[in-house]
Amino acid sequence: MNKSLVPTAGWVTKEWAAEFRGFDAWKSLHLLRRIGPVVQGICLDRTTGGDEYIPTVHVHALTREFPVVSLMLGQRLARPSGVPDAVSFARHKRDFARAVGALRQQSRLPLDEPPTIDEIVREYHAEARHRLEKGLGAAVLEMEDSVLVAAAAGRDELAGEGLALARDLTAAWPKWSMPFDWPGAEPWFDGLAARAGDRESLRAVVRGQVTEHRLGKVRDHGSPDPAPEG
């Protein structure tokens, strides 16, 4: 194919943004939407060679100070064999519709409508259980995010469910998988509970992260969940 006819990254980004209108083009090859204290994204992740990209859905909690938008709960478009399904820039026009349809079908969180805070948090819980069952180690960040996102959204009961699960999981997490700065189960749990109990501080962190990552133009869809508890 003539190189002059190969779609640019900007053009590909616009194509995906037009297909998923609930998302905004945050950066080249990266779409985001906010749901209160968390963002959901579609990252068109370039392969090492740069001539292909792998559509990847993910979330990122705004409740922790973090230098980048992470690909937490990352789920790459995959072929039936399980290997990542890359889309060539040169064959984008031919493969785009198939990739869009497959990503919609494979994503564990909805893409055409914003997921609820409940759906996002429970996906964090499912990932934490999956990592333990598969021997993949401790899901410390997943559990922290699940609790803090729920707390920042005013979902105290849901945050409590996460804390209960976190306590259960700490007894089963293998020592080899713990972070190098792990303070121990009780100090970690107590610290997490204290952070979850300080809703105003959590919301201040969210506001700071929105500014830090220049998310002001990313629409906030809020949460279609019931009104905050309490």
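This text goes with the structure placed above it.
Heads up: these notes are all about the structure in this document. Positions within a chain are numbered from 1, following the residues in the order the chain's sequence is written. Restriction of local features to residues with pLDDT of at least 70 applies here, the model being predicted, together with a cutoff of 80 or more for giving and counting side-chain atom pairs; totals for whole chains, interfaces and linings are based on all residues. No hydrogens and no water enter the side-chain calculation; it runs on all heavy atoms of the structure.

Here we look at unusual backbone geometry
Right, so step 1: Although it is not a glycine, Leu73 adopts a positive phi angle of roughly 55°.
Right, so step 2: Comment: elements are numbered from the N terminus, with helices defined as DSSP H or I runs of at least four residues and strands as E runs of at least two. Topologically, Leu73 is positioned in strand S5 (residues 72–76).

Some thoughts on empty space enclosed by the protein
Over the atoms, a rolling probe the size of a water molecule traces out where space has been left empty.
Right, so step 1: Grid points spaced at 1 Å over the protein atoms alone were grouped into cavities, where a 1.4 Å probe fits but cannot get out, and pockets, open sets with protein on both sides within 12 Å along at least five of seven lines, with lining residues defined by an atom within 4 Å of a point. Grid points are joined across faces, edges and corners, and a volume is the space filled by probe spheres set on the points. Using the criterion set out here, one finds one cavity of 30 Å³ or more in the structure.
Right, so step 2: When its volume is computed, the largest cavity comes out at roughly 70 Å³.
Right, so step 3: For the lining of the largest cavity, the secondary structure elements donating two or more residues are strand S4 (52–61) and S5.

Section: the layout of surface pockets
Right, so step 1: There is about 150 Å³ of room inside the largest pocket.
Right, so step 2: Every residue along the wall of the largest pocket is listed here: Val140, Leu141, Glu144, Pro179, Asp181, Trp182, Pro183 and Trp188.
Right, so step 3: It is helix H4 (residues 140–152) that provides the largest number of residues to the lining of the largest pocket, a total of three residues.
Right, so step 4: Each residue gets one label: Ala, Val, Leu, Ile, Met, Phe, Trp, Tyr, Cys and Pro are nonpolar, Asp, Glu, Lys and Arg are charged, and the others, such as Gly, are polar. Grouping the amino acids of the lining of the largest pocket by side-chain chemistry returns six nonpolar, no polar and two charged.

What to know about the pattern of salt bridges
Right, so step 1: Note on definitions: salt bridges are taken to be side-chain nitrogens of Lys or Arg within 4 Å of carboxyl oxygens of Asp or Glu. What the rule picks out here adds up to 16 salt bridges.
Right, so step 2: Between Arg219 and Asp24 there is a salt bridge whose closest N-O contact spans 2.9 Å. Here Asp24 lies in strand S1 (residues 24–27) and Arg219 lies in the segment after helix H7 (199–212), a separation of 195 residues in the sequence.
Right, so step 3: Only protein chains enter the calculation, and the probe is 1.4 Å; a residue is then buried if its accessible area is under 20% of its type maximum, exposed if over 50%, and partly exposed in between. Given the relative accessible area of 38%, Arg219 is considered partly exposed.
Right, so step 4: In this structure Asp24 comes out as buried when scored by relative accessible area, which is 14%.
Right, so step 5: For Glu186, the salt bridge goes to Arg167, with nearest N and O atoms at 3.1 Å. Note that Glu186 is positioned in helix H6 (residues 185–197) and Arg167 in helix H5 (residues 156–170), a separation of 19 residues in sequence.
Right, so step 6: For Arg167, a relative accessible area of 37% gives the class partly exposed.

Remarks on the environment of Ala171
Right, so step 1: Looking at where Ala171 falls in the secondary structure, it is placed in the loop between H5 and H6.
Right, so step 2: Along the chain, Ala171 and Gln40 lie 131 residues apart, while their C-alpha atoms are 30 Å from each other.

Points about the packing of H4 against H7
A pair of packed helices can be characterised by two numbers: the angle between their axes and the separation between those axes.
Right, so step 1: Here an axis means a line fitted to C-alpha atoms, over the contact stretch when the element is a helix, while the angle between two N-to-C directions is reported on a 0 to 180 degree scale. Contact geometry for H4 and H7: axes closest at 9 Å, N-to-C directions at 100°. The angle between H4 and H7 places the two elements in the roughly perpendicular class. Residue-level inspection shows Leu148, Ala151 and Ala152 of H4 in contact with H7, the latter providing Arg199, Leu202 and Arg203.
Right, so step 2: Across the contact of H4 with H7, the residue classes tally to four nonpolar, no polar and two charged. Here the angle decides the label: under 35 degrees means roughly parallel, over 145 means roughly antiparallel, 65 to 115 means roughly perpendicular, and every other value means oblique. Note on contacts: a residue pair is in contact if any heavy atoms of the two residues lie within 4.5 Å.

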